[in-house]
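Structural overview for review
One letter stands for each residue in the lines below.
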Amino acid sequence: MGNSLAPLYGLEQPTWFSRLWGPTPLSRCPWIRPPRELSPLSPRQRIRLETLLHRWRELELSAWNQRQRASPPESPFVLQSISFRDRHLSRLATHLYPGATVRDLRQERQHPAPLLATAAALITSDWRWGLEALIWELPVHGLSQLPVERDRQLALLFRWLVKDSTYWDPTRRQSCPPERILELVGLQLERRRRFPERIEAFGIHPFHHRTLRFYLAGSSVRFRPLHARPSSSAQATAVLGRAANRKALERDPRKPLIQLEDGFLRSTGRGAHLQLPLSLAVDPIGIYFDATRASALECFLQDHSFLQEERQRALQLRTLILSASLSKYNLHGEHWERPSLNQPVVLVAGQVEQDASIRYGALGIRTNLELVKAALRLEPGSYVIYKPHPFVVNGRRPAGQDENTIGNLVDAVLPHVAIDTLLRQVDRVHVLTSGTGFEALLRQVPVVCHGLPFYAGWGLTQDHLVCARRQRQLSLDELVFGALMAYPRYVSPRCGWFVTAEQAVEQLISLQSNPPTRFGLARQHVAAFLPTLIP
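In this text, all values refer to a predicted model and were calculated from it rather than measured experimentally.

Here we take up the overall build of the protein. Each helix and strand in the protein was counted, giving 19 helices and 20 strands. Looking at the protein as a whole, 54% of its 535 residues are labelled buried. Contacts in the protein between residues far apart in sequence, at least 24 positions, make up 65% of those at least 6 positions apart. Counting every atom, the protein has about 24800 Å² of accessible surface; 52% of that belongs to carbon and sulfur.

This is how it looks when you write it as structure tokens:
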């Protein structure tokens, strides 16, 4: 687990491996005790260290990072961490800070950063606590060799945090600078604190238990049968998709319902259904495909004040997605070239007609055949292509009503051509609620919506239905930031840690060039069921 002076230890993961052997350390430090010889910092080193310390305090980090934050007392208080051998130091608190409350860090089981940020002083014989207190500029008593002058303290912190320690990024499986690991740990804490501590999930197949534990990391997830009643101890309920458990779907303000659904960048290539999904929408308000009520995505897009930095991040992400030709499932396909005709080429995107997004987002047209007929009426003289849904093509889901007759109406049916190949060559796309419409918008292809997908109603699509709740005009980059960066959660298949959208795209690109082997997929399949064997 690394020695006791490592700046950052690992985080507990919701896996049987982590429960048995503990977390993998994120950093290592060769010190037994801090060195006495300290060189003055150069201006460049000082600026880097000050930036690092500011970010550490801003993210409220600690060597051991817990979900539950400790609550500082309102009255002045002193922290102490004293071993039995050095118990004589306990008298310093009453001698130096009479009347102050004493909090013992050795007995704390909650995140200590709020205590370090507000305490009057720290009394300790533990070098690790002493070094961490220096980050918060906290007076330390009990360590006679600890520097008193701030310049020497900064020199010691630079050697501890930057020069002498090494850091490991579990999401990339490589060493990294301290700045990167701070952001990564800060992201874990922010995601783990977002939902209540005790969640009951209903009707979840055992294969998906591991997925929910990763995406709801930070919460204790108890799995219940589909038609069970939520217990009194549950603080929230969760379902995968739009489940039919009406008891769990009841709107109890004390127990919010969390709905989970595939995100917009899910997986790549062969065995996608066996892989840990790279992204999920985790929504405590509604779910993005249900246009009958608001969702967290819709509320964000309607109310958020976008910053220029966010728009720039979204533009860079969109550029990266297009350069790598990414889509939701990233399936490979046959070669296809646009016909050499002097007429517009129009794509009609088919869906699984039993899909919940059609039930809750298509209020008029509800079948692929009706969608094709509507597109033909609106696009006279165009070359019309129909692409059925990949799950219908591979037999995982049934074809729609009379979908086999669509070939008699359109110019071409292209079941085995990759969606990115088509979107780069067509002039317009017609959809009901398909995510293909969003992928077309990413490529700035005009989209006609015959239903109410999440990306309709913001001034970016030609809409045949109106959602009265959506009263705002968005730019494409604002929609991209909301839909790909703010709304979904991304989890690295390599380690189960939360990652940013940019890191998720990096991993998708890596998976495209190095797809999982059959053995790797089988290992993931076994790992998914192990939690049911090792509770």
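With that out of the way, let us pick up the sheet that holds strand S18 (residues 462-463). The parallel open sheet is built from 6 strands, whose spatial order is S15-S14-S13-S16-S17-S18. Looking at strand neighbours, the two that pair on one side only are strand S15 (412-413) and S18, the edges of this open sheet. The pairing of strand S13 (residues 345-349) with strand S14 (residues 383-387) spans 5 bridges and is parallel. From the neighbouring strand, Val 348 faces S14, where its bridge partner is Tyr 386.

Turning our eyes to something else, we now look at the sheet that holds strand S4 (residues 122-124). If you trace the 4 strands from one edge of the open sheet to the other, you get S3-S2-S4-S5, paired in parallel fashion. The sheet is open, and its two borders are formed by strand S3 (101-104) and strand S5 (140-141), each paired with just one other strand. Relative to S3, strand S2 (residues 77-81) runs parallel, the two being bridged by 4 bridges. By the bridge assignment, Gln 80 is partnered in S3 with Asp 104.

Right, let's get into helix H2 (residues 43-59). An ideal rise of 1.5 Å per residue puts 24 Å on 17 residues; H2 measures up with 24 Å between its terminal C-alpha atoms. All of the buried residues in H2 are Leu 49, Leu 52, Leu 53, Trp 56 and Leu 59. Down the axis of H2, the buried set is contained in an arc of 135 degrees. They therefore lie on one face. Facing away from the buried surface of H2 by more than 90 degrees, the exposed residues are Pro 43, Arg 44, Ile 47 and Thr 51. Among the structural elements, helix H5 (127-135), helix H6 (150-163) and helix H7 (178-192) are those in contact with the buried residues of H2. Directly after H2, the chain includes Glu 60, whose backbone phi takes a positive value near 55 degrees.

Next up on the list: the pairing of strand S6 (residues 166-169). Only one face of S6 is buried, namely the one carrying Tyr 167 and Asp 169, since none of Thr 166 and Trp 168 on the opposite face is buried. Bridge count for strand S1 (residues 27-28) against S6 is 2 bridges, and the pairing is antiparallel. The partner of Ser 27 across the bridge, within S6, is Tyr 167. In terms of strand pairing, S6 meets strand S7 (residues 174-176) through 3 bridges, oriented antiparallel. Bridge pairing in S7 links Trp 168 to Ser 175. Counting the residues in the hairpin turn of S6 and S7 gives 4 residues, including Arg 173, whose phi is positive at 55 degrees.

With that out of the way, let us pick up the packing of H2 against H6. In contact at an axis separation of 10 Å, H2 and H6 are set at 75 degrees when each is read in the N-to-C sense. By the criterion of interaxial angle, the relationship of H2 to H6 is roughly perpendicular. Here Gln 45, Arg 46, Arg 48, Leu 49, Glu 50, Leu 52, Leu 53 and Trp 56 of H2 come into contact with H6, specifically with Arg 150, Asp 151, Leu 154, Leu 157, Phe 158, Leu 161 and Val 162. Residues that form the contact of H2 with H6 fall into these classes: 9 nonpolar, 1 polar and 5 charged.

Below, the discussion takes up the side chain of Gln 80. Along the chain, the position of Gln 80 falls in strand S2. Under the relative-accessibility criterion, Gln 80 is labelled buried at 14%. Not counting residues up to four positions away in its chain, the partners in contact with Gln 80 are Ser 90, Val 102, Arg 103, Asp 104, Leu 105, Arg 106, Leu 122 and Ile 123.

Moving on, we get to the nonpolar core. Taken as a class, soluble globular proteins show a tendency for nonpolar side chains to be buried jointly. Counting 59 residues, the largest nonpolar core has Tyr 288, Tyr 455 and Leu 484 as the members making the most contacts within it. Here this core gets 7 residues from one element, more than from any other, and that element is helix H17 (residues 476-486). Residue contacts for Leu 484: discarding those within four places in its chain leaves Phe 264, Leu 317, Ile 321, Phe 438, Tyr 490 and Ala 501. Membership of the second largest hydrophobic core comes to 49 residues, among which are Trp 56, Phe 77, Ala 113 and Ala 155.

With that out of the way, let us pick up the environment of Val 499. With respect to the helices and strands, Val 499 occurs in strand S20 (residues 498-499). A C-alpha to C-alpha distance of 9.9 Å links Val 499 and Arg 191, two positions 308 residues apart in sequence. With residues near it in sequence (within four places) discarded, Val 499 still touches Thr 171, Leu 187, Tyr 490, Val 491, Ser 492, Ala 504 and Gln 507.

Time to look at the packing of aromatic side chains. For the structure on display, the rule yields 13 aromatic pairs. Taking the centre distance of 5.7 Å and the plane angle of 80 degrees together, the rings of Tyr 288 and Phe 289 count as edge-to-face. The pair Tyr 288 / Phe 289 is uniform in exposure class, with both members buried. Residues Phe 300 and Phe 306 carry aromatic rings whose centres are separated by 5.8 Å and whose planes lie at 90 degrees to one another, so their mutual orientation is edge-to-face.

The topology assignment puts Ile 419 in helix H15 (residues 419-423). Taking the relative accessible area as the measure of exposure, Ile 419 reaches 15% and is therefore buried. Taking the C-alpha atoms as reference points, Ile 419 and His 332, separated by 87 residues in sequence, lie 8.9 Å from one another. Ignoring anything within four residues of it in the chain, the contact list for Ile 419 reads Ser 327, Leu 347, Lys 387, Thr 436 and Glu 439.

Only a minority of non-glycine residues have a phi that is not negative, and only a minority of peptide bonds are not trans. Despite not being glycine, Glu 60 shows a phi value in the positive range, around 55 degrees. Among the secondary structure elements, Glu 60 is positioned in the loop between H2 and S2. With relative accessibility at 21%, the residue Glu 60 sits in the partly exposed group. The phi dihedral of Gln 444 falls on the positive side, at around 60 degrees, and the residue is not glycine. Along the chain, the position of Gln 444 falls in the loop between helix H16 (436-442) and strand S17 (447-449). By relative accessible area, which is 60% here, Gln 444 ends up exposed.

Summed over all chains, the structure comprises 25 salt bridges. Close ionic contact of Glu 179 with Arg 48 constitutes a salt bridge, the shortest N to O distance being 2.7 Å. Separated by 131 residues along the polypeptide, Glu 179 in helix H7 and Arg 48 in helix H2 bring together distant segments of the chain. Between Glu 200 and Arg 224 there is a salt bridge, with the nearest N and O atoms lying 3.0 Å from each other. One end of the pair, Glu 200, is in strand S8 (residues 198-202); the other, Arg 224, is in strand S9 (residues 220-224), with 24 residues separating them in the sequence. Exposure remark for Arg 224: the relative accessible area of 17% places this residue in the buried category. Among the charged side chains, a salt-bridge network with shared partners connects Asp 169, Arg 172, Arg 180 and Glu 506.

Quick notes on the rules
Residues numbered from 1 in each chain as written. Predicted model: local features only at pLDDT ≥ 70, side-chain atom pairs only at ≥ 80, totals over all residues. Heavy atoms only, no water. Helix = DSSP H or I, 4+ residues; strand = E, 2+ residues; numbered from the N terminus. Buried < 20%, exposed > 50% of the residue type's maximum accessible area, 1.4 Å probe, protein only. Contact = heavy atoms within 4.5 Å. Areas by Shrake-Rupley, 256 points an atom, 1.4 Å probe, with all protein chains shown as cover. Pairing = 2+ DSSP bridges. Expected span 1.5 Å × (residues − 1). Arc of directions from axis to C-beta. Axes fitted to C-alpha atoms, helices over the stretch in contact; angles between N-to-C directions. Parallel < 35°, antiparallel > 145°, perpendicular 65-115°, else oblique. Nonpolar A, V, L, I, M, F, W, Y, C, P; charged D, E, K, R; others polar. Core = buried A, V, L, I, M, F, W, Y, C linked by side-chain atoms within 4.5 Å. Phe/Tyr/Trp six-rings, centres within 6.5 Å; stacked < 30°, edge-to-face > 60°. Salt bridge = Lys/Arg side-chain N within 4 Å of Asp/Glu carboxyl O.

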